[in-house]
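Topology and contacts: notes
Each chain is listed here by its residues.
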Amino acid sequence: MNLQEKIAEFKALKETLAAYGVAGAMLNWDMSTGGSKKGMGYRAKMIGIYTMKSFEIQTGQEMKDLLDILLDHMDELDEVTRRMVVLSKKTYDNNTKIPKDEARAYAELQAKSQIIWEDAKEAQDYSMFKDVLGEIIDYQKKFVDYRGYKDHPYNPLLDDYEEGMTVEILDEYFDNLKASIVPLVKAINETELAYNTEFLTRSFPIEDQKAFCIQLMDDLGFDYDAGEVKESVHPFTNGMNVNDVRLTVRYFENLMTSAVFSAAHEGGHAIYEQNINEDLQFTGLDTGVSSGIHESQSRMYENIICRSKAFWEHYYPKLKAFFPEQLKDVTLEDFYAGINKVENSFIRVEADELTYSLHIIIRYEIEKAIMTGQVSVDELPALWNKKYKDYLGLDVPNDELGVLQDVHWSFGLFGYFPTYSIGSAYASQFAYYLQEAVDFEGDLQKGDYKNVNEWLHKHIHVHGSLKTPEEIIELATGKRFDSKYYVEYLTNKYKSLYNL
Ligand SMILES: [Zn+2]
């Protein structure tokens, strides 16, 4: 056996997978951004074929034989190849431990359940969705057993989206967060400081919003020669390749800031993908490493940069130049307070930066209880409503605003929600050390994002998936993941905003 030949064969397989991946992603992009309506079925079928081909390569005999050999020679491999082997082995194991007929039945159930969820949500009637949700949960539990786990049945699901994440780490994280945020939100509600947000819902012509968002993303560091921006119902970012990163924004005439912050958010995801080391192309490592790290970059740009006072000190006059009539009576202070207003709400995706994590804590606690069987599908709405009362002081009026609001569970996406919150927490930890290295506030006040971007490129973006999330955090900050940075960031920002 010649090891170099085996490495070359393995890399050729990974290149083929990259090709299928890009082809599928392009069809997906087309489907979401205005490809012909009549061509929908054709494209969906092509995507299905690419997905199946990829699955066959990832779980085939050839991959297995190569992985067996390479795993026996790990200390003779370079860092890139080693990491490719580790991640390929993980994919192989996850996909081959589940019996094929059950995987197929589950895929069919997923396709069906999304439609049932939509109908139930529209009818505000959880009982219509309950049975199919129960089936999905039964499959998830069975799959976790097939895969095997350490300590907690929720752990493998967490690890799917955030490599290395466990219930042990998250319990401590969410407990710390809850202990400081619940009382802070309560104190803010008691101030009765009602910041005005009426001006945010005035009429802002969509063409002007577009022009503003294009300029904003350009200034923030999105490279238009290595990507493009379109529109879609649900904004998303699609990194085909470091030199071809595409994102979408959604515009509402009466909610201009929705587009501005979603442009900054998706722009953050895209800037991350555009700045991954080009040497990692064709290895499968040329993409963001995890949902949490990815979300840390989108929230870095959306929240830590674009919801800061320093940012708007430079940028607010520019915004006013686009919308002189709409904003003529709105001062910088009004604007800053308006875009950061704390408001307890039922809906996660409409939540402000502070209460957002409470929505995630609730989902985390419920998912954990689902996986251990501590809560049945019958009891879910009551548990959901109780937690909204306890943490946010709200009485949930119906299932649409309650347990049916998110699409995730309808296709078995358990373990994903926590990445939204830890993304913000990672961002705060990065920001703390970023601010030690560069004059963050001063640069933002000048509208100069060069130093900030350079730090993020060098410490986070460049690695792609070569390092694990834990390694990236330690390399960038010299510390392990710690909730204290996020707690401190939120406490300082909101105490100052609400004079507490
Ligand atoms: Zn995101």
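In this text the structure is predicted, and so the values were computed from the model without any measurement.

Reading guide: rules and limits
- Residues numbered from 1 in each chain as written.
- Predicted model: local features only at pLDDT ≥ 70, side-chain atom pairs only at ≥ 80, totals over all residues.
- Heavy atoms only, no water.
- Helix = DSSP H or I, 4+ residues; strand = E, 2+ residues; numbered from the N terminus.
- Areas by Shrake-Rupley, 256 points an atom, 1.4 Å probe, with all protein chains shown as cover.
- Lys, Arg positive; Asp, Glu negative; His and termini not counted.
- Charge placed at Lys NZ, Arg CZ, Asp CG, Glu CD.
- Phe/Tyr/Trp six-rings, centres within 6.5 Å; stacked < 30°, edge-to-face > 60°.
- Buried < 20%, exposed > 50% of the residue type's maximum accessible area, 1.4 Å probe, protein only.
- 1 Å grid on protein atoms, 1.4 Å probe; cavity = no way out; pocket = protein on both sides within 12 Å on 5 of 7 lines; lining within 4 Å.
- Points joined across faces, edges and corners; volume = space filled by probe spheres on them.
- Nonpolar A, V, L, I, M, F, W, Y, C, P; charged D, E, K, R; others polar.
- Patch = residues over 30% accessible without salt bridge, like charges linked within 9 Å, V, L, I, M, F, W, Y side chains within 5 Å.
- Salt bridge = Lys/Arg side-chain N within 4 Å of Asp/Glu carboxyl O.
- Contact = heavy atoms within 4.5 Å.
- Pairing = 2+ DSSP bridges.
- Axes fitted to C-alpha atoms, helices over the stretch in contact; angles between N-to-C directions.
- Domains from an automatic or database assignment.
- Buried area = accessible area lost by both parts, 1.4 Å probe.
- Polar contact = N/O pair within 3.5 Å; in protein donor to acceptor, adjacent residues only side chain to side chain.

With that settled, consider the overall build of the protein chain. In terms of helices and strands, the protein chain carries 20 helices and 3 strands. Each of the three principal axes of the protein chain carries a C-alpha extent, and together these read 75 × 50 × 50 Å. In the form shown here, the protein chain has an accessible surface area of approximately 22200 Å², with 50% of it arising from carbon and sulfur atoms. Distance between charge centroids for the protein chain: 2 Å, based on 52 positive and 83 negative side chains.

A few words now on the packing of aromatic side chains. Each pair of aromatic rings is reported with the distance of its centres and the angle of its planes. Summed over the entire model, instances satisfying the criterion amount to 32 aromatic pairs. Pairing Tyr195 with Tyr498 gives two aromatic rings, centres 5.1 Å apart and planes at 55°, and the pair type is tilted. A residue pair is termed long-range when its members are at least 10 positions apart, and Tyr195 in the loop between α8 (167-191) and α9 (206-220) and Tyr498 in the segment after α20 (484-497) qualify at 303 residues. Owing to a relative accessible area of 18%, Tyr195 belongs among the buried residues under this scheme. Aromatic pair Phe222 and Tyr224: ring centres 4.9 Å apart, planes at 85°, arrangement edge-to-face.

Once that is clear, we can look at empty space enclosed by the protein. The full count for this structure, using the stated rule, is 1 cavity of 30 Å³ or more. Taken as a whole, the largest cavity spans an internal volume of roughly 40 Å³. For the largest cavity, the full set of lining residues is Arg299, Asn303, Ile304, Glu353, Ser424, Ser428, Tyr486 and Tyr489. Mapped by element, the contributors of at least two residues to the lining of the largest cavity are α11 (291-305), α16 (417-437) and α20. The element contributing the most residues to the lining of the largest cavity is α11, with 3 residues. Residues belonging to the lining of the largest cavity are distributed by class as follows: 3 nonpolar, 3 polar and 2 charged.

The subject of this paragraph is a negative patch on the surface. Together, Asp151, Glu168, Glu172 and Asp175 make up a region of like negative charge exposed at the surface. In this structure, Asp151 sits in the loop between α6 (127-147) and α7 (155-161).

Here we take up the side chain of Glu295. If you trace the backbone, Glu295 turns up in helix α11. Using a relative accessible area of 8% as the deciding quantity, one classes Glu295 as buried. Excluding residues that lie within four positions of it along the chain, Glu295 makes contacts with His265, His269, Thr419, Tyr420 and Gly423.

In spatial order, the strands read β1-β3-β2; together these 3 strands make up an open sheet with mixed pairing. Only two strands of the sheet have a single partner each, and these edge strands are β1 (227-231) and β2 (237-241). On average, each strand axis in the sheet is tilted by 15° relative to the strand beside it, whichever way the strands run. Across 5 bridges, the pairing between β1 and strand β3 (residues 244-249) is parallel. By the bridge assignment, Lys230 is partnered in β3 with Thr248. Taken strand by strand, helix α10 (residues 256-274) contacts β1, β2 and β3, and its axis lies near 170° from that of β3.

Throughout the structure, instances matching the rule amount to 36 salt bridges. Between Glu79 and Lys467 there is a salt bridge whose closest N-O contact spans 2.7 Å. Separated by 388 residues along the polypeptide, Glu79 in helix α4 (residues 79-96) and Lys467 in the loop between α18 (450-459) and α19 (469-477) bring together distant segments of the chain. Using a relative accessible area of 18% as the deciding quantity, one classes Lys467 as buried. Each of Lys178, Glu365 and Lys387 takes part in one network of salt bridges that share partners.

Before going further, it helps to examine unusual backbone geometry. Residues other than glycine seldom take positive phi values, yet Gln124 does so here, at roughly 55°. Within the secondary structure, Gln124 is located in the loop between α5 (100-122) and α6. The class for Gln124 is partly exposed, based on a relative accessible area of 35%.

For the rest of this paragraph, the subject is the domain arrangement of the protein chain. According to the domain assignment, the protein chain contains domain 1 (3-96) and domain 2 (149-500). Spacing between the C-alpha centres of domain 1 and domain 2 amounts to 29 Å. On the side of domain 2, 23 residues touch domain 1, which itself brings 16 residues to the contact. Around 1700 Å² of area is buried between domain 1 and domain 2 when both sides are counted, 62% of it from carbon and sulfur atoms. In terms of surface lost to domain 2, no three residues of domain 1 exceed Trp29, Arg83 and Lys90, which account for 40% of the buried area on that side. The tally of links from domain 1 across to domain 2 stands at 3 salt bridges. One salt bridge in this structure joins Glu163 and Arg83, with 2.8 Å as the shortest N-O distance. On inspection of domain 1 and its partner domain 2, the count reaches 6 residue pairs in polar contact (both at pLDDT 80 or more). The set of elements that each furnish at least two residues to the side of domain 1 that touches domain 2 consists of α1 (3-32) and α4. Counting residues per element, the side of domain 1 that touches domain 2 draws most heavily on α1, at 8 residues. Residues of the side of domain 1 that touches domain 2, tallied by class, amount to 8 nonpolar, 3 polar and 5 charged.

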